[in-house]
Protein chains: 2
Amino acid sequence: MSRVLNSPQIVSPETAERVRKAIEQLGYRPNLFAQGLMTRKSRVLGIALPDIHGEFYSELLRGADAEARKLRYHLLVGSEARAGAGGGGGQSETGNGGGHGTGGGVGAGPGGPSTAEEGSLAHAFGLVDGLAVMITEPNERLWRAAVSSSLPVVVLDAEVDHPSVDSVMVDNAVGTREAVEHLLSSVPPGQLYFVGGPAENYDTKRRAETFAEVLRGTGAVIRPDQIVYGQYSVEWGYAWAAENLRGGKLNGAGILTGNDEIALGILQAAQDADVEVPGQLKIVGFDDTRLASLVRPSLSTVRVPLAEVGAAAIDALVRRVEDPTRPSTKTRLATNLIVRESSGWAR
Amino acid sequence: MSRVLNSPQIVSPETAERVRKAIEQLGYRPNLFAQGLMTRKSRVLGIALPDIHGEFYSELLRGADAEARKLRYHLLVGSEARAGAGGGGGQSETGNGGGHGTGGGVGAGPGGPSTAEEGSLAHAFGLVDGLAVMITEPNERLWRAAVSSSLPVVVLDAEVDHPSVDSVMVDNAVGTREAVEHLLSSVPPGQLYFVGGPAENYDTKRRAETFAEVLRGTGAVIRPDQIVYGQYSVEWGYAWAAENLRGGKLNGAGILTGNDEIALGILQAAQDADVEVPGQLKIVGFDDTRLASLVRPSLSTVRVPLAEVGAAAIDALVRRVEDPTRPSTKTRLATNLIVRESSGWAR
DNA sequence: ATGAAAGCGCTAACAA
DNA sequence: TTGTTAGCGCTTTCAT
């Protein structure tokens, strides 16, 4: 009987024992499909990321997975990478063009349109109890699919204002501010640069804004070349630096980048051009991926609690799954500057 | 009607159209639980890794995910990390002790014993069509769970000899041989070292064996200190090198490591001790993770086609799911040496 | 406290 | 070609 497993307290001890023994004997396993058919629950959560690869998403996923396991849920992953036409920006390391990415990843909710090639989690929609979806840049389709879904949804990264959708974001401002002020302590405002990822990327955008804000706070006027956009890739960082290192333009400069990869590219270009870091050029990355602490000189960077972001998303999602009436929450996790060799210490 | 969706060819065009319109109108979505209850299929595959974190597993997972999507399946991930008592060795980057890891990760098949804290995928067993499980070191429980499962199973990394279990492995021998011979071209046999990961780890073991074999092929007698085991971590590599760099013992030596992380640790120790790489010390890593090409000097390494391994696993699994009678296959993917700066070129 | 039966939404087999 | 029905294995309700 299912009573033994689900409500052990209302069944007599001896019956329970008898049943339990039979279960053991027969190697009985409840059929999860039948169970799901009745209860409408699977204890499986979907997580849709722009990409699955690299330190960034790997760490996020790890945090999400750990939290899910703690709450006794499972994770069904779905990366949008290579899904639709032109992948999204995200923090992809491959640095493949900056297409505005209409790429799917989540099917439309009931009532919405649905094509055969809807995208990653469309098919699995019906199997999961909820969905965590990361939206790193404007993506109308993904967005509408997310908010109009009948499933509990938590959105990562994008600004959300929907009564039934939870969101988890990173507070870029604090860390960015710390980083810029840190750089300003040894570099004049006119020598400070922000080398970002894709201009559409929400995080890059916010970081650039705070960068500009802090700089303007010093009374400085910002030149257009001080804030530039590209890709979240080593190659972009290297290319930008190689270009701008010429003529000693960057001598004595300070650079904040959109992520650690870009910073590493710049670091390598500097090394190849025999420019001393941090002596002649100071660099601060973003995210604090493992890379940052492993390269030499080690990379100063703004730490983003990636694992916590993943965990918070799962946490919010599970809460909502288990209590759908609960008001939506916005979680915002702090960032903070970590000073290492590339921006400060003498070696 | 379900006939329209499942066997469109046996239904008249106008009926099909009528039904399709109704489906659209009502926003109808087939219930996957009911569907699964009948068909016993979910198009979801479980993948159990020792850990989910770091370049190594990230890349493997990415390959698996890409292949799954191509075959129109979904991936349910389950890392064993922190599952049972003492995590397994695997290629975890955290370098937490080398416990022999009885850690669960997969529940026992029907008939087997099952405790409440069975591990990661136990609960989801009933939802997936098949299971890819990576076994990186002897683990009786995981092993028995895998082979005795009623589900289609493909084992990664471990040697398997079971008629119904497919396996995907890496052919460590070729790459290792290439690496050792490459090092032998500039370093005498007595100056060659293999600094491995955990001694129990299958890959490390095989690599050590081939290392020894090639060395013996030169007629040399191998000292015990030439082959050592530790963790798959930067810290272990650094510690070993820091220890052995003293007294110039490693001057003119060549080192092959169990993975890139260890190699990086050694590289850093060498740099901190002002030992020139590759001038005074040559280093070859293993895996060819992104790390290897990003550090300076760039790391020579034996490339392991991680993404292909993941893809091959999913491929084999899907084949078996869709044809359970098919004989089991063993896939073995080649490795090959990639020479970069740390073992060869002058900078 | 326990047995019996309805029904979740689908597919497959059987009628028409 | 199409309509009808049994039944997948569970949970839940209703009788007992």
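First, a word on what this report is: a plain description of the structure on this page. These figures come from a predicted structure and were not determined experimentally.

Concerning the pairing of strand β6 (residues 192–195) of chain A
Residues and elements named next belong to chain A.
And step 1. Here β6 shows a buried face lined by Leu192 and Phe194 and a second buried face lined by Tyr193 and Val195.
And step 2. Pairing of β6 with strand β8 (residues 253–257) involves 4 bridges; the strand directions are parallel. Paired with Tyr193 across the strands is Ile255, a residue of β8.
And step 3. Sheet topology note: the β6/strand β7 (residues 227–228) ladder contains 2 bridges and is parallel. Its bridge partner being in β7, Phe194 is matched across the sheet by Ile227.

Re the sheet that holds strand β5 (residues 165–171) of chain A
And step 1. Strand order in the open sheet made by the 12 strands is β11(A)-β5(A)-β4(A)-β3(A)-β1(A)-β2(A)-β2(B)-β1(B)-β3(B)-β4(B)-β5(B)-β11(B), with mixed pairing throughout. Edge positions in the sheet fall to β11 (330–334) of chain A together with β11 (330–334) of chain B, since each of these pairs with one other strand and no more. Averaged over all pairs of adjacent strands, the angle between strand axes in this sheet comes to 20°, irrespective of strand direction.
And step 2. Pairing geometry for strand β5 (residues 165–171) of chain B and β11 of chain B, over 5 bridges, is parallel. When the sheet's bridge partners are listed, Val168 of chain B is paired in β11 of chain B with Thr331 of chain B.
And step 3. Here helix α4 (residues 54–70) of chain B sits on the sheet in contact with β2 (74–79) of chain A together with β1 (44–49), β2 (74–79) and β3 (130–134) of chain B, set at roughly 170° to β1 of chain B.

Some words on the nonpolar core
And step 1. Counting 92 residues, the largest nonpolar core has Leu256 of chain A together with Leu256 of chain B as the members making the most contacts within it.
And step 2. If sequence neighbours within four positions are ignored, Leu256 of chain A has contacts with Thr176, Ala179, Val180, Leu183, Tyr193, Phe194, Val195, Phe211, Val284, Gly285 and Phe286 of chain A.
And step 3. Counting 56 residues, the second largest nonpolar core, distinct from the first, contains Val234 and Leu294 of chain A together with Leu281 and Ile283 of chain B.

As for the pattern of salt bridges
Pairing between side chains becomes possible if they bear opposite charge and their charged atoms approach one another.
Residue and element names in this part refer to chain A.
And step 1. The tally for this structure, following the rule as stated, stands at 34 salt bridges over all chains.
And step 2. Close ionic contact of Asp225 with Arg223 constitutes a salt bridge, the shortest N to O distance being 2.9 Å.
And step 3. A residue is classified by how much of its surface remains accessible, and Arg223, at 34% relative accessible area, is partly exposed.
And step 4. The network of salt bridges with common partners includes Asp166, Arg320 and Arg326.

Remarks on the protein's contact with DNA strand C
And step 1. Near DNA strand C you find 19 residues, and of these Arg3 and Thr15 of chain A together with Ser2, Tyr28 and Asn31 of chain B are the closest.
And step 2. Close to the protein, within 4 Å, the atoms of DNA strand C belong to sugar or phosphate groups at a rate of 63%.
And step 3. In this structure, a phosphate oxygen belonging to DNA strand C sits 3.4 Å away from a side-chain N or O atom of Asn6 of chain B.
And step 4. Elements supplying a minimum of two residues to the surface near DNA strand C: α3 (32–39) of chain A together with α1 (2–6) and α3 (32–39) of chain B.
And step 5. Element by element, the count of residues in the surface near DNA strand C is highest for α3 of chain B, at 5 residues.
And step 6. Residue composition of the surface near DNA strand C, grouped by class: 8 nonpolar, 7 polar and 4 charged.

Quick look at unusual backbone geometry
And step 1. Cis geometry marks the peptide bond from Arg296 of chain A to Pro297 of chain A, where omega comes out at -5°.
And step 2. Summarising the element assignment, Pro297 of chain A is placed in the loop between α10 (290–294) and β10 (300–303).
And step 3. Residues other than glycine seldom take positive phi values, yet Arg40 of chain A does so here, at roughly 60°.
And step 4. Relative to the helices and strands, Arg40 of chain A resides in the loop between α3 and β1 (44–49).
And step 5. We classify Arg40 of chain A as partly exposed; its relative accessible area is 49%.
And step 6. The phi angle at Asp288 of chain B is positive, at roughly 55°, despite the residue not being glycine.
And step 7. Inspection of the secondary structure puts Asp288 of chain B in the loop between β9 (281–287) and α10 (290–294).

Structural notes on the packing of helix α6 (residues 172–184) of chain B against helix α7 (residues 202–217) of chain B
Residue and element names in this part refer to chain B.
And step 1. Direction vectors running N to C along α6 and α7 enclose 45°, while the axes themselves pass 9 Å from each other. In terms of orientation, α6 lies oblique with respect to α7. By crossing handedness, the relation of α6 to α7 is classed as right-handed. Contact residues: α6 offers Asn172, Ala173, Thr176, Arg177, Val180, Glu181 and Leu184, while α7 offers Asp203, Arg206, Arg207, Thr210, Phe211, Glu213, Val214 and Leu215.

Conventions adopted
Residues numbered from 1 in each chain as written. Chains lettered and ligands numbered in written order. Predicted model: local features only at pLDDT ≥ 70, side-chain atom pairs only at ≥ 80, totals over all residues. Heavy atoms only, no water. Buried < 20%, exposed > 50% of the residue type's maximum accessible area, 1.4 Å probe, protein only. Helix = DSSP H or I, 4+ residues; strand = E, 2+ residues; numbered from the N terminus. Pairing = 2+ DSSP bridges. Axes fitted to C-alpha atoms, helices over the stretch in contact; angles between N-to-C directions. Contact = heavy atoms within 4.5 Å. Core = buried A, V, L, I, M, F, W, Y, C linked by side-chain atoms within 4.5 Å. Salt bridge = Lys/Arg side-chain N within 4 Å of Asp/Glu carboxyl O. Near = heavy atom within 4 Å. Polar contact = N/O pair within 3.5 Å; in protein donor to acceptor, adjacent residues only side chain to side chain. Nonpolar A, V, L, I, M, F, W, Y, C, P; charged D, E, K, R; others polar. Parallel < 35°, antiparallel > 145°, perpendicular 65-115°, else oblique. Left-handed = near helix turned anticlockwise from the far one by under 90°.

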